[in-house]
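In case you want the letters, here they are:
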Amino acid sequence: MDLLLHLIEQEELDITKISLAQVTDQYLAYISHLEELHPETLADFLVVAAKLLLIKSQVLLPRPAPSSQPEDELDPGEALARQLREYKQFKKVAQYLQDRAAAGVRTFVRIAPPPKLTRKVDLSNVSLADLLAAMRQATADRLQDKTLPAVPTGPTITIDDKMALLRQQLAQNHQVTFSSLLTNVHSRLEVIITFLALLEMFKAREIALHQDTLFDEIYIKVAPAPPPATQPADATVQENDEK
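Here is what the cut-offs are and how they apply
Numbering of residues begins from 1 in every chain and follows the order in which that chain's sequence is written. Residue-level local features of this predicted model are given only where pLDDT is at least 70; pairs of side-chain atoms are given and counted only at 80 or more, and the full residue set underlies all totals for whole chains, interfaces and linings. Excluding hydrogens and water, the side-chain figures rest on all heavy atoms present in the structure. Buried and open spaces are told apart on a 1 Å grid over the protein atoms alone, a cavity being a set of points where a 1.4 Å probe fits but cannot get out and a pocket being an open set with protein on both sides within 12 Å along at least five of seven lines. Residues with an atom within 4 Å of a point are the lining residues. Grid points are joined across faces, edges and corners, and a volume is the space filled by probe spheres set on the points. Here a strand is any run of E in DSSP of at least two residues, a helix any run of H or I of at least four, and the numbering for each starts at the N terminus. Amino acids are sorted into nonpolar (Ala, Val, Leu, Ile, Met, Phe, Trp, Tyr, Cys and Pro), charged (Asp, Glu, Lys and Arg) and polar (every other residue, Gly among them). When DSSP finds two or more bridges between a pair of strands, those strands are recorded as paired. Axis angles are defined between N-to-C directions and span 0 to 180 degrees, where every axis is a line fitted to C-alpha atoms and, for a helix, only to the segment in contact. In what follows, a contact means two residues having at least one pair of non-hydrogen atoms within 4.5 Å. As a per-residue measure, pLDDT reflects the predictor's confidence and takes values from 0 up to 100. As used in this record, nonpolar core signifies buried Ala, Val, Leu, Ile, Met, Phe, Trp, Tyr and Cys residues forming a set joined through side-chain atoms within 4.5 Å. Throughout this description, buried means an accessible area under 20% of the type-specific maximum (1.4 Å probe, protein chains only), exposed means over 50%, and partly exposed covers the range between.

A word on empty space enclosed by the protein
Part 1 of the reasoning: Evaluated as defined, the whole model comprises one cavity of 30 Å³ or more.
Part 2 of the reasoning: Its boundaries defined by the atoms lining it, the largest cavity holds a volume of some 50 Å³.
Part 3 of the reasoning: Considering the residues around the largest cavity, the lining is formed by Lys162, Leu165, Leu166, Leu181, Thr194, Ala197 and Leu198.
Part 4 of the reasoning: Mapped by element, the contributors of at least two residues to the lining of the largest cavity are α7 (159-172) and α9 (188-203).
Part 5 of the reasoning: Here the lining of the largest cavity is composed, by residue class, of five nonpolar, one polar and one charged.

Given below as structure tokens:
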């Protein structure tokens, strides 16, 4: 497809069935000089070459009457032209992404609509200074990443470890705070693991969370036990009858 696109752009043609027929001879001449090509790669070239020969024959030879062709039959020329146009579009986007990566630009504008919140969050009283203060508090000096060793090592702390530590603290205290869980952490990765452990336990309904206001302290308690399932009245009567 790359060779076919190159030939069409070299002749300054639009990607149509007619232009594909015009570059067929150049395509065949190119693949005839290929040497030491892998059989699978050569097979891809030959598939496209066969399609080009069919397209050129349809352009040069008289076509049968329209009534003699099935209505649902897909024109191979139009199909290949559409495939080549899609390939050109993907190649253009890939080149754009490669240029941005080479320039060190790794951010992209979000075009998707913002997510719909189930609960309205009022940020009218939150300033940039409040956000900056919260960020500084979460990333204090104790959280500064240390210089990596010559051979990076994987994390030694897991979510299960943090969940076990939280269960231990809740067994000793009626209530703990999220900031107290970060007292002895040593990296931002450990902060993330601690927060994920908190979410896992909340999802499993092991703990209950409370926060007075947005960006305020998060209080953690053991979730209350679910009420026992009540037995239907008719089941109780049936059990008494059986006795």
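There is more to say, and it comes next.
Quick look at the sheet that holds strand β2 (residues 207-211)
Part 1 of the reasoning: Ordered by their spatial adjacency, three strands build an open sheet running β1-β3-β2, and the pairing between neighbours is antiparallel. Either end of the sheet is taken by a strand with one partner, and the two such strands are β1 (175-177) and β2. Averaged over all adjacent pairs, the angle separating strand axes in this sheet is 30 degrees, with direction ignored.
Part 2 of the reasoning: Two elements, β2 and strand β3 (residues 218-222), share five bridges in a ladder whose sense is antiparallel. The residue of β3 that forms the bridge with histidine 210 is tyrosine 219.
Part 3 of the reasoning: The strands touched by α7 are β1, β2 and β3; relative to β3, the strand with the most contacts, the crossing angle is about 75 degrees.
Part 4 of the reasoning: Packing against the sheet, α9 makes contact with β2 and β3, and its axis sits at approximately 115 degrees to β2.

What to know about the confidence of the model for the protein
Part 1 of the reasoning: Taken residue by residue, the protein gives an average pLDDT of 76. The fraction at 70 or more is 74%.
Part 2 of the reasoning: When mean pLDDT is taken per element in the protein, α7 scores highest with 90 and helix α10 (residues 233-242) scores lowest with 53.

Structural notes on the nonpolar core
Part 1 of the reasoning: Counting residues in hydrophobic clusters, the biggest one holds 19 residues, and the most contacted among them are Leu4, Leu20, Tyr27, Leu52 and Leu84.
Part 2 of the reasoning: The residues contacting leucine 20, other than those within four sequence positions of it, are Leu4, Ile8, Leu52, Ile55, Gly77, Leu80, Ala81 and Leu84.
Part 3 of the reasoning: Counting 15 residues, the second-largest nonpolar core is a separate cluster that includes Leu170, Leu181, Val191 and Ile220.

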